[in-house]
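What follows is the residue order along each chain.
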Amino acid sequence: MKKRSLAFFNSLMLIFFIFYPVLADDGKGENNATVGPENGSLVIVGGAMKDSNIVLKFIELAGGIDAAFVVIPTASGADSIDPQRFTRFLSRFGVKNIQIVHTYNPEIANTEEFVAPIKKANAVWFGGGRQWRLVDAYANTLTEIEIRKVLNRGGVIGGSSAGATIQGTFLARGDTKTNRIMMGDHQKGFNYLKNSVIDQHLLVRNRQFDLIEILETYPGLLGIGLDENTAIIVQGNKFEVLG
């Protein structure tokens, strides 16, 4: 698959909404470029991931099946975490070094003991659910810092559904009451893909026009709408489409 500029309008499976000028960074973008990390890669999936090529690409970018993987299932909101459920997508391809890192408590997320597995990780994966749970648990903690360091040392961050949206600058559907509110009580993502807002389950849930509300308010953001089982692999200011 050829790499494309982030300003490229692809197909209905992957829709970009582009408005100018770009705004200043107050959690919604500081410089005028939509760009991924200087080092490392992002795997951003629109939900319902079934294509093995997406998972295999994530594993490849981590360094192969012997690399160290961390899976963060916090967005699910589950009372108890079944490790097999959240790691099966990797283990079925032979990955063995997988650790679950999970808490809903930001005080725990801010401890050295909690972040120890992330410090050794080559790859971090955010599972699906509600993206605001990731913010409540990890924003402004050691966990957020150490996850970004995975990119700094050339690793990969990936995620599907909520795990896709969290990678943007503006947090679409971040309201704690309902995911139908586009501009809710949580509006700041983890900003791995700078100056962006990412939506998911695009065609399946008839969300083709939902990002327009955000982009009319913040016209400097690049809006990215991903359908299910569709991913972009971001490196610098280029991406590859899979799925």
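Residues numbered from 1 in each chain as written. Predicted model: local features only at pLDDT ≥ 70, side-chain atom pairs only at ≥ 80, totals over all residues. Heavy atoms only, no water.

Looking now at the pairing of strand β9 (residues 222-226). Among the five residues of β9, five are classified as buried, and the element is accordingly described as predominantly covered. Burial of β9 is two-sided: the residues Leu222, Ile224 and Leu226 facing one way and the residues Gly223 and Gly225 facing the other way are all buried. Examined bridge by bridge, strand β8 (residues 196-199) and β9 share four bridges and lie parallel to one another. Looking at β9, one finds that Ile198 is bridged to Ile224. (Buried < 20%, exposed > 50% of the residue type's maximum accessible area, 1.4 Å probe, protein only. Helix = DSSP H or I, 4+ residues; strand = E, 2+ residues; numbered from the N terminus. Pairing = 2+ DSSP bridges.)

Here we take up unusual backbone geometry. A positive phi is found at His201, a non-glycine position, where the angle reads about 55°. Within the element layout of this structure, His201 appears in the loop between β8 and α8 (212-217). On the accessibility criterion, His201 (6% relative accessible area) is buried. In this structure, Asn229 takes a positive phi of about 60° despite not being glycine.

Checked against the element boundaries, Thr103 lands in the loop between β5 (98-100) and α3 (106-109). A polar contact is formed between the side chain of Thr103 and the backbone nitrogen of Asn105, at a distance of 3.0 Å. Excluding its chain neighbours within four sequence positions, the residues that come into contact with Thr103 are Thr74, Ile108, Ala109, Phe114, Ala137 and Tyr138. (Polar contact = N/O pair within 3.5 Å; in protein donor to acceptor, adjacent residues only side chain to side chain. Contact = heavy atoms within 4.5 Å.)

Orientation of helix α4 (residues 112-119) relative to helix α6 (residues 142-152), taken along the N-to-C sense of each, is 10°, at an axis distance of 9 Å. Taken together, α4 and α6 sit at an angle that is classed as roughly parallel. Across the interface between the two elements, Glu112, Phe114, Val115, Ile118 and Lys119 from α4 touch Leu142, Thr143, Glu146, Ile147 and Val150 from α6. Residues belonging to the contact of α4 with α6 are distributed by class as follows: six nonpolar, one polar and three charged. (Axes fitted to C-alpha atoms, helices over the stretch in contact; angles between N-to-C directions. Parallel < 35°, antiparallel > 145°, perpendicular 65-115°, else oblique. Nonpolar A, V, L, I, M, F, W, Y, C, P; charged D, E, K, R; others polar.)

To continue, consider the packing of aromatic side chains. Each aromatic ring pair is summarised here by two numbers: the centre-to-centre distance and the angle between the ring planes. The tally for this structure, following the rule as stated, stands at seven aromatic pairs. Seen in terms of ring centroids, Phe58 and Trp125 are 4.9 Å apart; in terms of plane orientation they differ by 70°. Their pairing is edge-to-face. One end of the pair, Phe58, is in helix α1 (residues 52-62); the other, Trp125, is in strand β6 (residues 123-126), and 67 residues separate them in sequence. Taking the centre distance of 5.1 Å and the plane angle of 45° together, the rings of Phe89 and Trp125 count as tilted. With Phe89 in helix α2 (residues 83-91) and Trp125 in strand β6, this residue pair connects regions lying 36 residues apart in the sequence. With a relative accessible area of 5%, Trp125 lands in the buried category. Pairwise contacts between aromatic rings join Phe58, Phe69, Phe89 and Trp125 into one cluster. (Phe/Tyr/Trp six-rings, centres within 6.5 Å; stacked < 30°, edge-to-face > 60°.)

As a further point, take α1. Each full turn of the α-helix corresponds to 3.6 residues, which orients residues three or four apart in the same direction. The set of residues buried in α1 consists of Ile54, Val55, Lys57, Phe58, Ile59, Leu61 and Ala62. The opening residue of α1 is Asp51, an N-cap whose side-chain oxygen sits 2.8 Å from the backbone nitrogen of Asn53. Once α1 finishes, Gly63 follows within two positions and takes phi at roughly 115°, a positive value.

Burial within strand β10 (residues 231-235) is extensive, with four of its five residues counted as buried. In terms of strand pairing, strand β3 (residues 41-45) meets β10 through four bridges, oriented antiparallel. Note on β10: the bridge partner recorded for Ile44 is Ile232. Of the pairings in the sheet, the one linking β10 to strand β11 (residues 238-242) comprises five bridges and is antiparallel in character. Directly across from Gln235, in β11, lies its bridge partner Lys238. Taking the residues between adjacent antiparallel strands as the criterion, β10 and β11 are bridged by two residues, where Gly236 takes a positive phi near 60°.

Let us now look at the pattern of salt bridges. Taken as a whole and judged by the stated rule, the model has eight salt bridges. A salt bridge links Asp199 to Arg173, with the shortest nitrogen-to-oxygen separation between them at 2.8 Å. Of the two residues, Asp199 sits in strand β8 while Arg173 sits in the loop between α7 (162-165) and β8, which places them 26 residues apart along the sequence. Judged on exposure class, the residue Asp199 and its partner Arg173 are both buried. One salt bridge in this structure joins Asp199 and Arg207, with 3.7 Å as the shortest N-O distance. According to the relative accessible area criterion, Asp199 is buried, its value standing at 0%. Under the relative-accessibility criterion, Arg207 is labelled buried at 6%. Residues joined in a network through salt bridges with shared partners are Arg173, Asp199, Arg207 and Asp210. (Salt bridge = Lys/Arg side-chain N within 4 Å of Asp/Glu carboxyl O.)

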